[in-house]
Amino acid sequence: MGLATCGIAAGGDRVYTALEAAIRERGLDVRLAKVGCIGYCREEPLVNIQIPGKPLVILHRVTEEDTAAILDAVADGDVPREKALCQIDTWDPLVGDPLTFGIGFKDIPRYEEIPYFAPQKKIVLRDAGLTNPEDIEEYIAVGGYRALHKALTQMTPEAVIDEVIASGLRGRGGAGFPTGMKWNFTKKEKSLQKYIICNADEGDPGAYMNRNEMESDPHMILEGMLIGAYAIGAREGIIYVRSEYPLAIERLTKAMDEARAHGLLGKDIFGSGFSFELTLAEGAGAFVCGEETALIASIEGKTGRPRPRPPFPAQKGLWGMPTNINNVETWTNIPVIIQKGGGWFAGIGAEKNSGTKVYSLVGEVDRVGLVEVPLGTPIQTLVYDIGNGGIDGREIKAVQTGGPSGGCIPASLFDTPMDYEHLTAVGSIMGSGGVVVMDETTSMVDTARFFIGFTNEESCGKCVPCREGLKHMLMILDKILSGKATQSDLDLLKELSGIIKKTSLCGLGQTAPNPVLTTLKYFKNEYDAYLKGAK
Amino acid sequence: MSPETLDAILERYDRNPAQLIPILQDVQAEENYLPREALEAISEKLDIPLVRIYSVATFYKAFSLEPRGKHIIQVCMGTACHVRGAPRILDKMVRDLGVQPGATTKDMEFTLETVNCLGACALGPIVVVDGEYHGQMTSPKWDKIYKTLKKAEG
Ligand SMILES: Cc1cc2nc3c(=O)[nH]c(=O)nc-3n(C[C@H](O)[C@H](O)[C@H](O)COP(=O)(O)O)c2cc1C
Ligand code: FES
């Protein structure tokens, strides 16, 4: 049973309870377990059925009323056809031996044939929706912690960093800074104490990749951090999770307890002499705390306001000690890089953009969900091939990428490859991976106002351009929306945007005008239509 | 909050002033909000200036300095929920409950709050009622929830 937050919101927990009761009542020899989320959120609740010797079958849109039919079929070694979405006969967990489920059910489409899955490439989410995130044994069974064993017993810290550099992995938290190089900064600092941090603040409203990575496969994050700590020379780590994600916190905590019980956290791991301790800190509802210096202040128990860099966290981070921060998804990429090699990883994706990226494809798109594709995949593949275009055949107008720091990209530019450089070139950014689709019914001016409303609310108030400038932009946007604005207001809006971008202290202010600038650039006609006397 | 309960929370964090945020989170989990007396007691026991505690408590949105209602209704105002009509649902809730977001009804039954993305964007608009997620919220769906909650109060 797929039980991440989205599956639960779709009613999956009620199906789970119904199945549990019915299995008990009938005295069936069926093992019911939780798995994470395979990402096809529109089709939830999802139930995987695995009959020994037969392919794994994914059932979709399951309700409590379906439990009888499901169990009738399973008791006969079968699955209810009308609920079957697809079948999986073999699966490659990449770091472990390929899984062979079995053959049969010729009439059920194969996973690779489903348009939603076909263009995807699962590296980060390879276990999501297939293994039980609350059971370390399942993670180990699909090759989990082998990369850690390899790093600790066969590689020097320098060799680990070289492998990460060779992979070309770039940070998935937004800016895309090369991860191996970043690790080297902290490694080279001379200090008795160093920290590593996992940034799981996922502040972009409309993005939930990190939530699923934590809820579906928490051990992959732990393993990535352990390998990173060994390479960098850190003995303590912290995972900073936003408090809006209670299930992620619960599963990470469980994963840390299990890892500790298995000797994978604590002293002398694998008898290598390497020791590492990990704790979890909870955010308290502040977007700006995703910024690294604010995040550190928050862990220290202070108000989370960014401070100017340098000094960078690599020199003076948590408690003044050298600190390396990476995003959840960055950490999850590490085990596979170590196990399969940096060269293997570099062969996936595009020039200077190796690997895959997980996106949350949401908004006014037909097939919503979490998708993982190689970097460099064009926007249209996401929106049309995977997403199947607009809801009820409505026309799609634009996508918004990068969250409040990103921009709106019009449909005419949907052949743009999604990688760090190309998205920046069209005025948006990669950001953390939120892709919000807007159709013909969405007002772009209202969208721009939404984001400025958000960043204005979330500005920490420390620097003037961000605090006062955004407030002014919001006033102008409201004036435009109420039909009272003139051309000079539009000019002022543009001018303010430029000033805020140039003079703000942190990334929040430096990027906050992007949604306005891109909509002004690509959808100027919508602004004009609101101007005084236009109607 | 009884001094024993507060002491138990402080002990959980070794009376470490750096753990102020988790301490406040635990106090709020216990009391539903941050009572002034509790903040004063923390200030005294951990030797943290009261103004610092207040600056932390007001900076983070998760903290409430006012008592909250018996039922907590959180409406997601994230991007995905926004484009799918969350503002209209919120407007309706404001009218039905007669309070603005962030406020509590006079009878202390309901607190209406907005949040930035609960990570279930695919099922937006999302509303969480007393910790339970409701996806694809519509006006009729909300009417039903509201009626059930009111009936439970009798
Ligand atoms: C306003 C603001 C919010 C941010 N929010 C996040 C966030 O939610 N998650 C994240 O990983 N990085 C966020 N970042 C980026 C972090 O500062 C940092 O660059 C990142 O955690 C580095 O990890 P990476 O190298 O793995 O990408 C934010 C930056 C800014 C300026
Ligand atoms: S935007 Fe509402 S759950 Fe993400």
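The rules behind each value
- Residues numbered from 1 in each chain as written.
- Chains lettered and ligands numbered in written order.
- Predicted model: local features only at pLDDT ≥ 70, side-chain atom pairs only at ≥ 80, totals over all residues.
- Heavy atoms only, no water.
- Domains from an automatic or database assignment.
- Near = heavy atom within 4 Å.
- Polar contact = N/O pair within 3.5 Å; in protein donor to acceptor, adjacent residues only side chain to side chain.
- Areas by Shrake-Rupley, 256 points an atom, 1.4 Å probe, with all protein chains shown as cover.
- 1 Å grid on protein atoms, 1.4 Å probe; cavity = no way out; pocket = protein on both sides within 12 Å on 5 of 7 lines; lining within 4 Å.
- Sits in = over half its atoms within 2 Å of the grid points.
- Helix = DSSP H or I, 4+ residues; strand = E, 2+ residues; numbered from the N terminus.
- Nonpolar A, V, L, I, M, F, W, Y, C, P; charged D, E, K, R; others polar.
- Contact = heavy atoms within 4.5 Å.
- Buried area = accessible area lost by both parts, 1.4 Å probe.
- Salt bridge = Lys/Arg side-chain N within 4 Å of Asp/Glu carboxyl O.
- Points joined across faces, edges and corners; volume = space filled by probe spheres on them.

Undergrad: Any chance you could explain the domain arrangement of chain B here in plain terms?
TA: For interface size, the figure often reported is the accessible area lost on association. By the assigned domains, chain B splits into domain 1 (3–59) and domain 2 (71–153). Each of domain 1 of chain B and domain 2 of chain B was reduced to a C-alpha centroid, and the two centroids are 29 Å apart.

Undergrad: I keep staring at the site of ligand 1 and nothing clicks. Help me out?
TA: Residue and element names in this part refer to chain A. Neighbouring residues of ligand 1: 18 residues in total, closest Gly173, Lys182, Asn326, Asn327 and Thr330. In the model, an oxygen atom of ligand 1 is placed 2.7 Å from a nitrogen or oxygen of the Gly173 main chain. For ligand 1, whose unbound accessible area comes to 620 Å², protein coverage reaches 88%. Taking a 2 Å distance to the grid points as the criterion, the majority of the atoms of ligand 1 fall inside the second largest pocket. For the shell around ligand 1, the elements supplying multiple residues, two or more each, are strand S9 (323–327) and helix H19 (507–511). Among the elements that take part in the shell around ligand 1, S9 stands out by supplying 3 residues, more than any other. Partitioning the shell around ligand 1 into residue classes produces 3 nonpolar, 9 polar and 6 charged.

Undergrad: Is there a simple way to explain the interface of chain A and chain B in this structure?
TA: Residue-level contacts link 51 residues of chain A with 30 residues of chain B. Taking both sides of the interface into account, the surface hidden between chain A and chain B amounts to around 3,000 Å²; carbon and sulfur atoms contribute 61%. Considering only the side of chain A, the residues that lose the most area to chain B are A:Ala9, A:Ala284 and A:Phe450, jointly responsible for 18% of the buried surface there. Applying the counting criterion to the chain A and chain B interface returns 1 salt bridge.

Undergrad: Is there a simple way to explain empty space enclosed by the protein in this structure?
TA: Think of a ball as big as a water molecule: rolled over the atoms, this probe shows where empty space is left. Residue and element names in this part refer to chain A. As enumerated under the stated definition, the model contains 2 cavities of 30 Å³ or more in all. Within this model, the largest cavity holds a volume of roughly 80 Å³. In terms of lining, the largest cavity is formed by 13 residues, of which the most central are Ser459, Cys460, Cys463, Cys466 and Cys506. Across the lining of the largest cavity, the residue classes tally to 8 nonpolar, 4 polar and 1 charged. Within this model, the second largest cavity holds a volume of roughly 50 Å³. Looking at the second largest cavity, the residues that line it are Gly2, Val35, Gly36, Cys37, Ile38, Glu44, Leu46, Asn48 and Gly129. Here the residues of the lining of the second largest cavity are counted per class, giving 4 nonpolar, 4 polar and 1 charged.

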